[in-house]
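Coordinates in review
These are the residues of each chain, in order.
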Amino acid sequence: MRARPLPEMIFVFVLLLHNSAYAQLRGGSTEWRTFEVPEFGTRVQFPASIFAPAGKPERGSGQRFERADGRAALSVYSRPNDTGENPATYLRHNLRMDRSSLDYYRVAQSFFAISSERKGVILYSRCNFSRRAIHCFDLSYPQEEKRAWDAVVTRISLSLRPLEG
């Protein structure tokens, strides 16, 4: 029996890892946990069987999580709302792309949710606003896995708390 060359073995390993992560999303065997940012009262459910802690988020207080293959990431973060921003003013000051390049754009009184696809990656962001803090998550995942991620995105989005206060 002939041993496989190292590049072929690495390719097979990556393919298996990718397929197992995708199958886990589709199969419903996802383990959910609650992550909290206690100083701001932020709580969100996340798929712990998909994501592992990977350091601090780019902004605010919270946690960054990554999938083992590095193709999906979740950042949960909060920051004080000292200036009394609302969803519309926050987007006006912080959105770094033209609104027309967004695939999904929803702004309500207490939250916003936006999404876009760039270079095969879907970027989804949601922030809930309270008088005291802004509670957010950013999620990125492969566009080719969109259908498998739809229910995950919805569950994370609807679990983000608090909505008011």
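Scroll up to find the structure.
Cut-off values and rules
- Per-chain numbering applies: the sequence of each chain, read as written, is numbered from 1 onward.
- It should be noted that, the model being predicted, local features are given only for residues of pLDDT at least 70 and side-chain atom pairs only at 80 or more, the latter also being counted only at that level, while totals for whole chains, interfaces and linings use all residues.
- Remark: hydrogens and water are excluded; side-chain values derive from all non-hydrogen atoms of the structure.
- We count a stretch as a helix when DSSP gives it H or I for four or more residues in a row; a strand needs E for two or more, and each element gets its number in order from the N terminus.
- Exposure categories follow from relative accessible area, calculated using a 1.4 Å probe and restricted to protein chains: below 20% of the type maximum is buried, above 50% is exposed, and the middle band is partly exposed.
- Within this document, salt bridges are pairs made up of a side-chain nitrogen of Lys or Arg and a carboxyl oxygen of Asp or Glu, the two lying within 4 Å of each other.
- We treat two strands as partners when DSSP finds at least two bridges between them.
- Nitrogen and oxygen atoms within 3.5 Å of one another constitute a polar contact, given that in protein one can donate a hydrogen and the other can accept it, and given that sequence-neighbouring residues count only through two side-chain atoms.
- In this analysis, two residues are considered to be in contact whenever any of their non-hydrogen atoms come within 4.5 Å of each other.
- Axes, fitted as lines to C-alpha atoms, cover a helix only where it is in contact. Angles between the N-to-C directions of the axes lie from 0 to 180 degrees.
- In what follows, a disulfide is any cysteine sulfur pair within 2.5 Å.

Put simply, Arg161 and Pro162 share a cis peptide bond, and its omega is 0 degrees. In this structure, Pro162 sits in the segment after helix H3 (146-159). Even without a glycine there, the phi angle at Lys119 is positive, about 50 degrees. Mapped onto the elements, Lys119 comes out in the loop between strand E7 (111-118) and strand E8 (121-129). With a relative accessible area of 87%, Lys119 lands in the exposed category.

The residue Asn128 is located in strand E8 in this model. Judged by its relative accessible area of 0%, Asn128 is buried.

On to the pattern of salt bridges, then. For the structure on display, the rule yields 10 salt bridges. Across the pair Asp138 and Arg59 runs a salt bridge whose closest N-O atoms are separated by 3.2 Å. On the criterion of sequence distance, the pair formed by Asp138 in strand E9 (residues 133-142) and Arg59 in the loop between strand E3 (51-53) and strand E4 (61-67) is long-range, its members being 79 residues apart. Since its relative accessible area comes to 16%, Asp138 is described here as buried. For Arg59, a relative accessible area of 31% translates into the label partly exposed. Among the salt bridges present, the one from Asp69 reaches Arg67, with a minimum N-O distance of 2.8 Å. Taking the relative accessible area as the measure of exposure, Arg67 reaches 3% and is therefore buried. A network of salt bridges, in which partner residues are shared, links Arg67, Asp69, Arg71, Glu144 and Glu145.

This brings us to the pairing of E9. Of all 10 residues in E9, 10 are buried; the element is thus mostly enclosed. Pairing analysis gives eight bridges linking strand E5 (residues 73-80) to E9, with the strands arranged antiparallel. Note that in E9 the partner of Ser75 across the bridge is Asp138. Connecting E8 to the next strand, E9, in antiparallel fashion are three residues.

For the rest of this paragraph, the subject is the side chain of Ser78. Here Ser78 is to be found in strand E5. At 2.4 Å, the side chain of Ser78 forms a polar contact with the side chain of Thr42. Contacts of Ser78, omitting those with residues within four sequence positions, involve Val37, Phe40, Thr42, Gly60, Ser61, Ile134 and His135.

Strands sit in the order E3-E4-E5-E9-E8-E7-E6 across an open sheet of seven strands; the sheet is antiparallel. Of all the strands in the sheet, the pair left with one neighbour each is E3 and strand E6 (104-107). Neighbour-to-neighbour, the strand axes of this sheet turn through a mean angle of 15 degrees, independent of strand direction. As paired strands, E3 and E4 are joined by three bridges and run antiparallel to one another. When the bridges of E4 are listed, Pro53 appears paired with Phe65. The sheet strands contacting H3 are E3, E4, E8 and E9, and the helix crosses E9 at an angle near 170 degrees.

On to the state of the cysteines, then. Applying the stated rule across the entire model yields one disulfide. The partner cysteine of Cys127 in its disulfide is Cys136, sulfur to sulfur 2.0 Å. Because the sign of the S-S torsion sets the handedness, a value of about 115 degrees for the bond joining Cys127 and Cys136 places this disulfide among the right-handed ones. On the accessibility criterion, Cys127 (1% relative accessible area) is buried.

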